[in-house]
Amino acid sequence: MFFYLSKKIAIPNNVKLKCVSWNKDQGFIACGGEDGLLKVLKLETQTDDAKLRGLAAPSNLSMNQTLEGHSGSVQVVTWNEQYQKLTTSDQNGLIIVWMLYKGSWYEEMINNRNKSVVRSMSWNADGQKICIVYEDGAVIVGSVDGNRIWGKDLKGIQLCHVAWSADSKVLLFGMANGEIHIYDNQGNFIMKMKLNCLVNVTGAISIAGIHWYHGTEGYVEPDCPCLAICFDNGRCQIMRHENDQNPVLIDTGMYAVSIQWNHIGSVLAVAGSQKIVTQDKDVNTVQFYTPFGEHLGTLKVPGKQMSALSWEGGGLKIALAVDSFIYFANIRPDYKWGYCSNTVVYAYTRPDRPEYCVIFWDTKNNEKYVKYVKSLISITTCGDFCILATKADENHPQEENEMGTFGATFVLVLCNSIGTPLDPKYIDIVPLFVAMTKTHVIAASKEAFYTWQYRVAKKLTALEINQITRSRREGRERIYHVDDTPSGSVDGVLDYSKAIQGTRDPICAITASDKTLIVGRESGTIQRYSLPNVGLIQKYSLNCRAYQLSLNCNSSRLAVIDISGILTFFDLDARVTDSTGQQVIGELLKLERKDVWDMKWAKDNPDLFAMMEKTRMYVFRNLDPENPEHPNKDYIINFEIRSLRDSRALIEKVGIEDASQFIEDNPHPRLWRLLAEAALQKLDLHTAEQAFVRCKDYQGIKFVKRLGNLQTESMKQAEVAAYFGRFEEAERMYLDMDRRDLAIGLRLKLGDWFRVLQLLKTGSGDADDSLLEQAHNAIGDYFADRQKWLNAVQYYVQGRNQERLAECYYMLEDYEGLENLASSLPENHKLLPEIAQMFVRVGMCEQAVTAFLKCNQPKDAVDACVHLNQWNKAVELAKNHSMKEIGPLLARYASHLLEKNKTLDAIELYRKANYFYDAAKLMFKIADEEAKKRTKPLRVKKLYVLSALLIEQYHEQMKNAQRGKVKGKSSEATSALAGLLEEEVLSTTSRFTDNAWRGAEAYHFFILAQRQLYEGYVDTALKTALHLRDYEDIIPAVEIYSLLALCACASRAFGTCSKAFIKLESLETLSAEQKQQYEDLALEIFTKHTPKDNRKSELDSLLEGGEGKLPTCVATGSPITEYQFWMCSVCKHCVLAQEISNYNFCPLCHSSVG
């Protein structure tokens, strides 16, 4: 962090200032002082130059209003930003609330107790309430509209400070004796605050300031200290909340008068004065600290006595009230940012989230990637990658083998330029300083540094990834203590105990290049190590404490910025003789710059660097500054030297001969060129040739020779005009001579095809067709290069450039145009395979096949069908072109699908390829598996129906194939029979082709019987259930006979019921316990009812087995005894004639009744 004084405003009549307050939202600055002085100022950047923004822009007072109303010294000024109000009070106890109206401030409310003086006022976080404390112990809480909410007198207490908590539930009152009391928001005492920072302090003390940051812009990290309390003796404590037993303690070593947090609670400024031992006087200083007590720096301010400070809303400026002046200091915060691979990576806090919001902003295509990171410490970038250093999440303990140690507290996350984490490393040292090269990440605490040779997995196999995770133990990560002297030969170890050992000379900065690591220590010692094998090469001594170190691209020079912003340079390899006469390595260079807050070496030039000095950027080459302007063509001015100016004047005024003589006396190639050009203009070819010879311009000599061979004067003039780049003039001359061919030739050389086309079209007579075609194609290329495909198409059509036309249609996704182009091409054209591939890429199988067949590539056509899963088309093509490999190909693909357990995909594949038999086999397999799982019977029935339908398609296919074979032979019946015989031979291995519908029938009757039973048709249910006895191989017998027994019992056919129970009791699959249950149930039923059927005759036909069985109605489950019935054309099952009128689809196979 860097700060410097930038502006000073004097208060008229040398009136001393007592207080200052900067409105964070609107930018108004209120300052109060003696004799009732109250001013409201506003600094605004007024510049026409858009490039100058932020701190770099000059700021002027846009408002300077004196507010009249106070008579005594104004002691307290406080803003209510939400409601744009200013509250002020003076030594007489008068309080005034001011409001903004039409650009000026006016009194809105006045209050005077006339008893005591106001010591402090504070608005709560939402600006709704104000708490006012008086010196005599009176406390008043009022609302923003001026109403009193409550008041209280704290007897015997002198108050001097007040602060609200962020949630407005707690008030802190600071006493004159230095105590701080905690009250609730109704004025009830809770407790005294424990002040750890005052341990062992004696004597009278008073509070310099209390500031409680309300989290309006988010916190730097979760549970961050935000309540700062400072005493006049310089002791500070920063607490997480009012009862924090373990606050951050700071001894500023100065006499403090005022403190304030910046707008995001990341920096605490403490203003006051410090005694300087060498001089017998106090110096005004501002100290800056983080919420964790780390010292960020010191700003010295001139003047006798500082009385107050206040931050600007953006945290980039600070206002300091000193005597009768307001000083402004510019702040350069340590932003967390970096740049890698065209991407700016930066982080900031948000009030709605506890984490840091890290943005990866791709500046090339303006894309943003957001990542939320808890407890971010720093961002470091190099090449295409960045390192985010964070605290480890306590809620996610790491595994021992990944860690190498338990309880690592920090993480280095390697990310790419879109924020994807590639490799996190858990470490046990605080990464206060992080450097990164193309191969290494170095993180240092104050005592030790850790090196990690990172790798980026581009295309690693699983084996390689495994090796990388194992190689941690092999020395890619090491730790070195700063006091060690590693030789570089032995691999370091990952021993975190080294990091625990202390050192008298801590690390204060590090930097690294591909071959060198530099570690800076607080004493000024610089240690130089080699990389990748870390070995200590050299120690150098500087007379300053480094804040930032940076190596140039060849590691020969080191730039050092110290804590007071002075930039110096150190040559690492120079050998010099010191005062004692000994030769030493390393030399401090002469250049020194002040107020520098950042610098950057060029990546490709070891002498080039840029540095930031206050609000300017300077570029230095070899330690000499260049102009710090922004590059712009307007800044470039060409100055001609005197001899050039004289020669030009001579040629213009006197003539070529005299000028020639002058140049002869003052020879220079540039002057000879000037003469040659002047001679060419006047067609003095002899002088021009001599001059070109003198300036060694071979092309010029050749040009003069060519000019000499031309016949006419006008032709020569046209050529000269073209030589000097006056192409319009040259073209006009050619056309005047009626030499359109030369004009076209000129434009051809320039590549100006638009003009070529224009000239070809405008001229009389026929244009050269090939040239016209060339022009059209060239203009088509011009548009295609700029991805204006539509314009390109128009010219390619005229230029008959089919290859580029195909590409344009493809880019435009005009597949119809591409199809038309393919059909217009002759057979076996070289472009057809390419167009076919384009169709394959977009999944247009039909068009791809047509194109492949047109160029006589049936194999590629089949491959395309296979690639696009159009197997039926592939099989058809293979058969038509007598290709044998389709069967094995199909089988291979099917087995691949089956391996992946995608049976349904394999079935679909076979079905599309018309391999119905194989599809049916797989389908039956699925149906059997589902049946075994005892899933929903309806689902199992559907699967069996699908299997059977595939078998029917297979039968049909066989008949058709045979029909094709015996065309012209005997009758259709004979051919069908032959087909069935062939089919019989094929399917001897599997019998399911004969009774394909058995599974479907079984589950159909099983579901039908239950449906009839539940609907109360117990007799029909019994008849249907009796059919199930034939399907014991498909449905478990226990289910069949249980259902049969139930139906029989319901229809009082106890004889059938008894037989069912006998069957159930004899089943071997049942356990003894289940059999016992069946026996008990049978006993219960048959003790009440005789095991005889009441309607014997009706059941006889059903109960009898045998061959002469009647067909069964699949709608009702009853036997069909009539001669007229309906038969399904697909599954060949029957339905009673009177029943079929109720159905639109077959009850079994669901094909249309039609």
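Data block above holds the structure.
Below you will find a few notes about this structure. (Residues numbered from 1 in each chain as written. Predicted model: local features only at pLDDT ≥ 70, side-chain atom pairs only at ≥ 80, totals over all residues. Heavy atoms only, no water.)

**Considerations on the overall build of the protein chain**
Stated precisely, the cut-off is as follows: Each helix is a run of H or I in the DSSP string that is no shorter than four residues. Each strand is a run of E no shorter than two, and both are numbered from the N terminus. By definition in these notes, contact holds between two residues if any of their heavy atoms fall within 4.5 Å. Accessible surface area values rest on a Shrake-Rupley calculation with a 1.4 Å probe, where residue burial reflects the displayed protein chains alone.
Within the protein chain, the secondary structure is distributed over 32 helices and 54 strands. Contacts in the protein chain between residues far apart in sequence, at least 24 positions, make up 44% of those at least 6 positions apart. Approximately 59,600 Å² of the protein chain is accessible, and the part contributed by carbon and sulfur atoms is 49%.

**Overview of the packing of helix α26 (residues 998-1015) against helix α28 (residues 1037-1050)**
Formally: Lines fitted to the C-alpha atoms define the axes, with helices restricted to the stretch that makes contact. Angles between their N-to-C directions range from 0 to 180 degrees. By definition in this entry, angles of less than 35 degrees are roughly parallel, angles greater than 145 are roughly antiparallel, angles of 65 to 115 are roughly perpendicular, and the rest are oblique. With the far helix as reference, a near helix turned anticlockwise by less than a right angle produces a left-handed crossing, and one turned clockwise produces a right-handed crossing. Note on residue classes: Ala, Val, Leu, Ile, Met, Phe, Trp, Tyr, Cys and Pro are nonpolar, Asp, Glu, Lys and Arg are charged, and everything else, Gly too, is polar.
Running from amino to carboxyl end, α26 crosses α28 at an angle of 30°, the nearest separation of the two axes being 11 Å. Relative to α28, the element α26 lies roughly parallel. Relative to α28, the crossing made by α26 is left-handed. When α26 is examined against α28, the residues Phe1006, Ala1009, Gln1010 and Leu1013 are found in contact with a partner set consisting of Glu1039, Leu1043, Leu1046, Cys1047 and Ala1050. Here the residues of the contact of α26 with α28 sort into seven nonpolar, one polar and one charged.

**Describing helix α18 (residues 845-854)**
Filter applied, for reference: Relative accessibility thresholds used throughout: buried, under 20% of the residue-type maximum; exposed, over 50%; partly exposed, between the two (1.4 Å probe, protein chains only).
Among all positions of α18, only Cys845, Gln847, Ala848, Val849, Ala851 and Phe852 are buried. Asn856 lies just past α18 and shows a positive phi near 60°.

**What about the nonpolar core?**
One broad trend across soluble globular proteins is that nonpolar side chains are buried collectively. What counts is decided by this rule: Among the buried residues, those of types Ala, Val, Leu, Ile, Met, Phe, Trp, Tyr and Cys that are joined through side-chain atoms within 4.5 Å form a nonpolar core.
Ranked by internal contacts, the top residues of the largest apolar core, which has 57 residues, are Trp997, Leu1028, Ile1035 and Phe1061. When contributions to this core are tallied by element, the ones reaching two or more residues are α24 (937-965), α26, α27 (1018-1027), α28, α29 (1054-1065), α30 (1072-1088) and β54 (1134-1136). Setting aside residues no more than four positions away along its own chain, Ile1035 makes contact with Ala1002, Tyr1003, Phe1006, Leu1028 and Ile1040. Counting 56 residues, the second-largest nonpolar core is a separate cluster that includes Leu760, Val793, Tyr809 and Cys855.

**Some thoughts on the packing of helix α16 (residues 815-824) against helix α17 (residues 832-841)**
Packing of α16 against α17 brings their axes to within 11 Å, and their N-to-C directions diverge by 155°. One finds that α16 runs roughly antiparallel with respect to α17. In this structure, the crossing between α16 and α17 has a hand that is left-handed. Along its contact with α16, which presents Tyr815, Leu818, Glu819, Leu821 and Ala822, the element α17 presents Leu832, Ile835, Met838 and Phe839. Its residues assigned to classes, the contact of α16 with α17 comprises eight nonpolar, no polar and one charged.

**Notes on the sheet that holds strand β27 (residues 317-322)**
Operational definition: Here a strand pair is declared whenever DSSP counts at least two bridges between the two strands.
As summarised here, the arrangement of the four strands in space is β1-β28-β27-β26, forming an open sheet in which the pairing is antiparallel. Edge strands, defined here as strands with exactly one partner in the open sheet, are β1 (2-10) and β26 (306-311). Strand-to-strand twist in this sheet, taken as the mean axis angle between neighbours without regard to direction, amounts to 25°. Of the pairings in the sheet, the one linking β27 to strand β28 (residues 325-332) comprises six bridges and is antiparallel in character. Bridged to Leu320 within β28 is Tyr327.

**Focus on the sheet that holds strand β32 (residues 367-373)**
Read from one edge of the open sheet, four strands run β29-β30-β31-β32, paired in antiparallel fashion. On the outer flanks of this sheet lie β29 (337-340) and β32, each paired with one strand and no other. When strand polarity is set aside, the average angle formed by the axes of neighbouring strands in this sheet is 20°. With seven bridges connecting them, strand β31 (residues 356-362) and β32 associate as antiparallel partners. By the bridge assignment for β32, Asp362 is matched with Glu367.

**Observations regarding α26**
The cut-off we apply is this: Here, expected helix span is obtained from the residue count minus one, scaled by 1.5 Å.
Helix length check: α26 (18 residues) gives 25 Å between terminal C-alpha atoms against 26 Å at 1.5 Å per residue, within 8%. Extensive coverage of α26 is indicated by the burial of 13 of its 18 residues. In the stretch just after α26, Gly1016 is the one whose phi turns positive, near 95°.

**Examining the packing of aromatic side chains**
Heads up, the condition is: Pairs were defined over the aromatic rings of Phe, Tyr and Trp, the Trp ring being its six-membered one, requiring ring centres within 6.5 Å. Orientation was assigned from the angle between planes: stacked under 30 degrees, edge-to-face over 60, tilted for the rest. Here, a charge over a ring is recorded when the distance from Lys NZ or Arg CZ to the ring centre is within 6 Å and its angle to the ring normal is within 35 degrees.
Scanning all chains against the criterion turns up 28 aromatic pairs. Each ring, one from Phe325 and one from Tyr327, has its centre 6.2 Å from the other, and the planes form 50°; the classification is tilted. Residues Phe449 and Tyr529 carry aromatic rings whose centres are separated by 5.0 Å and whose planes lie at 65° to one another, so their mutual orientation is edge-to-face. Taken together, the residues span a long stretch of sequence, with Phe449 in strand β39 (residues 448-453) and Tyr529 in strand β43 (residues 525-530) at a distance of 80 residues. Residues Phe449 and Tyr529 agree in their burial class; the two are buried. Taken together, the ring pairs in this structure connect Phe569, Trp601, Phe609 and Phe620 into an aromatic cluster. Geometry around Phe325 places Lys8 over its ring, the cationic atom sitting 4.4 Å from the centre. Lying across the ring of Tyr618, Arg593 places its NZ or CZ 4.9 Å from the centre.

**Some remarks on the pattern of salt bridges**
What counts, and what does not: We define a salt bridge as a contact between a side-chain nitrogen of Lys or Arg and a carboxyl oxygen of Asp or Glu at a distance within 4 Å.
For the coordinates displayed, the defined rule picks out 23 salt bridges. A salt bridge links Asp697 to Arg673, with the shortest nitrogen-to-oxygen separation between them at 3.0 Å. Of this pair, Asp697 sits in the loop between α7 (685-694) and α8 (698-709) while Arg673 sits in helix α6 (residues 669-681); the two residues are 24 residues apart in sequence, bridging distant segments of the chain. Overall, Arg673 belongs to the partly exposed group, its relative accessible area being 27%. We note a salt bridge from Glu689 to Lys705, for which the minimum N-O separation is 2.6 Å. Of this pair, Glu689 sits in helix α7 while Lys705 sits in helix α8, and the two are 16 residues apart along the sequence. Accessibility expressed as a relative area gives 25% for Glu689, which makes it partly exposed. Salt bridges here are not isolated pairs; linked through shared partners, they connect Asp483, Asp505 and Arg521.

**A short note on the pairing of strand β40 (residues 477-481)**
Burial analysis of β40 places five of its five residues in the buried class, the great majority of the element. Residues Glu477, Ile479 and His481 of β40 are buried on one face, and the alternating residues Arg478 and Tyr480, pointing to the opposite face, are buried as well. Bridge count for β39 against β40 is five bridges, and the pairing is antiparallel. Of the residues in β40, the one forming a bridge with Trp452 is Glu477.

**Side note on a nonpolar patch on the surface**
Selection criterion: Residues form patches when they are more than 30% accessible in relative terms and have no salt bridge. Like charges link within 9 Å. Nonpolar side chains (Val, Leu, Ile, Met, Phe, Trp, Tyr) link within 5 Å.
A surface patch of nonpolar side chains, amounting to about 270 Å² of accessible area, comprises Phe189, Ile190 and Met191. With respect to the element layout, Met191 can be found in strand β17 (residues 189-192). Residue Met191 is classed as partly exposed on the basis of its relative accessible area of 32%.

**Re the pairing of strand β6 (residues 74-80)**
The element β6 is largely enclosed, with a buried count of six among its seven residues. One ladder, built from six bridges, connects β6 with strand β7 (residues 85-90); its direction is antiparallel. Of the residues in β7, the one forming a bridge with Val77 is Thr88. Between β6 and β7, which pair antiparallel one after the other, the connecting turn spans four residues, and Gln84 there sits at a positive phi close to 50°.

**Some points on unusual backbone geometry**
Residue Pro532 follows Leu531 across a cis peptide bond; omega there is 0°. You can see Pro532 is positioned in the loop between β43 and β44 (535-541). The phi torsion at Ser168 lies on the positive side, around 60°, for a residue other than glycine. With respect to the helices and strands, the residue Ser168 is situated in the loop between β14 (159-164) and β15 (170-175). The exposure class assigned to Ser168 is buried, which follows from its relative accessible area of 11%. Of note, Asp323 is a non-glycine position whose phi angle comes to about 50°, a positive value.

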